[in-house]
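Examination of the molecular architecture
Take a look at the letters that make up each chain.
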Amino acid sequence: MSEHVEWSDTEAPAPSAIAAVTPADAADAARLVAYGLQPKLQPARDQDYTELLRRYREDPAFARLADAVATGLGLIVLEVSPRAGMAVTAAEDSVFAVRMGDYARRTTADSGDRFLHGLAHLAVAALAFPRPEDLADDGYIGRVTVNGVDAFVRQACRRLEERAEEQGENTDPATDAPGLEAAWRIWARRSATGATKDARRPASSTTGIVAKALAFLTDSGFLQRTGDEGGGTYRTTARYQLQVRDMAGTAAMAELIELGVVPVTDGTASLLPAEDTDDLELVADAGLPFHS
């Protein structure tokens, strides 16, 4: 008898624990994740979204359930707050992951250009948040332009080329291994604007590649377009700050920042000659905000 009572005491809580999560709860959690997958949707403009965010913050059980739904979809929850909503990013094996190759093919048939598109995204992130304190400050808003990003990359290209010459390295890729050519060398040789009969910006030009990157980030809710100056001006959103925080420790991001191309004193980037820093080499496709 005593064994029967012991078993009952041990197992009794299990049904009530299971009953605590209802189908309605699961539906609410899934709806919150669905809102998170609509990056342009602002919580303040949707009462249901706002209520689900409040529930997430105040109900630990619901928060765990929503996190589990996100995890099951291959999503990583970066932050859940009124300012960012439910900010999520896709893990490498997620159906929502954006592949660099797929992204590049939307603009060009040249598979080699995937490195240029990746470099453009890397440069936007580095220029938008050039200092660690910019990423740490929730109130910081970064601003970039198409022409400014292109100028930033070209300055980095010049710096890297100078180092290669100083070290006596061959600046041309091996003829039998063109894929080994570093992205910065391809960028430096590519026309910034190109030329078309109707004065449009060719998609294969470097400013065209940057414009594509900025348009993609805008469509994804990471940037907001604010004007046409400099080929197009943009400001960062809370979601983009969280995304860049997530990739800030990657090798390529660190190397681009440490080149010293963007000396910063007050949060405003300037393209000034860089000071000497430790020898670095930009690793193509290392830690880019896309999955290979």
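Residues numbered from 1 in each chain as written. Predicted model: local features only at pLDDT ≥ 70, side-chain atom pairs only at ≥ 80, totals over all residues. Heavy atoms only, no water.

**Structural notes on the packing of helix α7 (residues 114-128) against helix α12 (residues 238-247)**
Put simply, α7 and α12 touch, their axes get as near as 11 Å, and they point 105 degrees apart. The pairing of α7 with α12 is recorded here as roughly perpendicular in orientation. Across the interface between the two elements, H121, L122, V124, A125 and A128 from α7 touch Y240, V244 and M247 from α12. The residue makeup of the contact of α7 with α12, split by class, is 7 nonpolar, 1 polar and no charged. (Axes fitted to C-alpha atoms, helices over the stretch in contact; angles between N-to-C directions. Helix = DSSP H or I, 4+ residues; strand = E, 2+ residues; numbered from the N terminus. Parallel < 35°, antiparallel > 145°, perpendicular 65-115°, else oblique. Contact = heavy atoms within 4.5 Å. Nonpolar A, V, L, I, M, F, W, Y, C, P; charged D, E, K, R; others polar.)

**What to know about the pattern of salt bridges**
Across all of its chains, the model carries 15 salt bridges by this definition. Bridged by salt links that share partners, the residues D25, D28, R31, D48, R55 and D59 form one connected network. (Salt bridge = Lys/Arg side-chain N within 4 Å of Asp/Glu carboxyl O.)

**Some points on the nonpolar core**
In terms of nonpolar packing, the biggest core is built from 36 residues, with V144, V149, W187, L214 and Y240 touching the most fellow members. Within the residue set of this core, elements represented by two or more residues are α7, α9 (146-166), α10 (183-189), α11 (206-219) and α12. Here this core takes 10 residues from α7, the largest share from any one element. With residues up to four places along the chain from it excluded, the contact list for W187 reads L116, L119, A120, D150, V153, R154, C157, T206, I209 and V210. (Core = buried A, V, L, I, M, F, W, Y, C linked by side-chain atoms within 4.5 Å. Buried < 20%, exposed > 50% of the residue type's maximum accessible area, 1.4 Å probe, protein only.)

**A closer look at the packing of aromatic side chains**
Applying the stated criterion across every chain, the model contains 4 aromatic pairs. Where Y35 meets Y49, the ring centres are 4.7 Å apart and the plane angle is 20 degrees; that geometry is what we call stacked. In this pair, Y35 is assigned in helix α3 (residues 23-36) and Y49 in helix α4 (residues 47-58), connecting sequence segments 14 residues apart. When the centroid spacing of 6.1 Å and the interplanar angle of 45 degrees are considered together, the rings of F129 and Y240 count as tilted. Linking F129 in the loop between α7 and α8 (132-136) with Y240 in helix α12, this pair joins segments that are 111 residues apart in sequence. Take F129 and Y240: they sit in the same class, and that class is buried. Among the aromatic residues, those joined into a ring-pair cluster are F129, Y140, F222 and Y240. A cation sits over an aromatic face here: R55 above F62, 4.1 Å from the ring centre. (Phe/Tyr/Trp six-rings, centres within 6.5 Å; stacked < 30°, edge-to-face > 60°. Lys NZ or Arg CZ within 6 Å of the ring centre and 35° of its normal.)

**Re the confidence of the model for the protein**
Low pLDDT marks stretches whose predicted atomic positions should not be read closely. On average, residues of the protein score 74 in pLDDT, and 65% of them are at 70 or above. Across residues 1-10, confidence stays below pLDDT 50; counting only partners more than four residues off in sequence or on other chains, it has 0 contacts. Across residues 12-19 the pLDDT falls below 50, and counting only partners more than four positions away or on other chains, this stretch makes 0 contacts in the model. (pLDDT = per-residue confidence, 0-100.)

**Notes on the environment of L41**
Position of L41 relative to the elements: it lies in the loop between α3 and α4. The class for L41 is partly exposed, based on a relative accessible area of 23%. As a C-alpha pair, L41 and G221 span 180 residues in sequence and 8.1 Å in three-dimensional space. Discounting residues that sit within four places of it in the chain, L41 has contacts with Y35, D46 and Y49.

**Remarks on the side chain of T236**
Among the structural elements, T236 can be located in strand β5 (residues 233-236). Looking at T236, its side chain comes within polar contact range of the main-chain nitrogen of G142, at 2.8 Å. Setting aside residues up to four positions removed in sequence, T236 forms contacts with A128, F129, Y140, I141, G142, F222 and L223. (Polar contact = N/O pair within 3.5 Å; in protein donor to acceptor, adjacent residues only side chain to side chain.)

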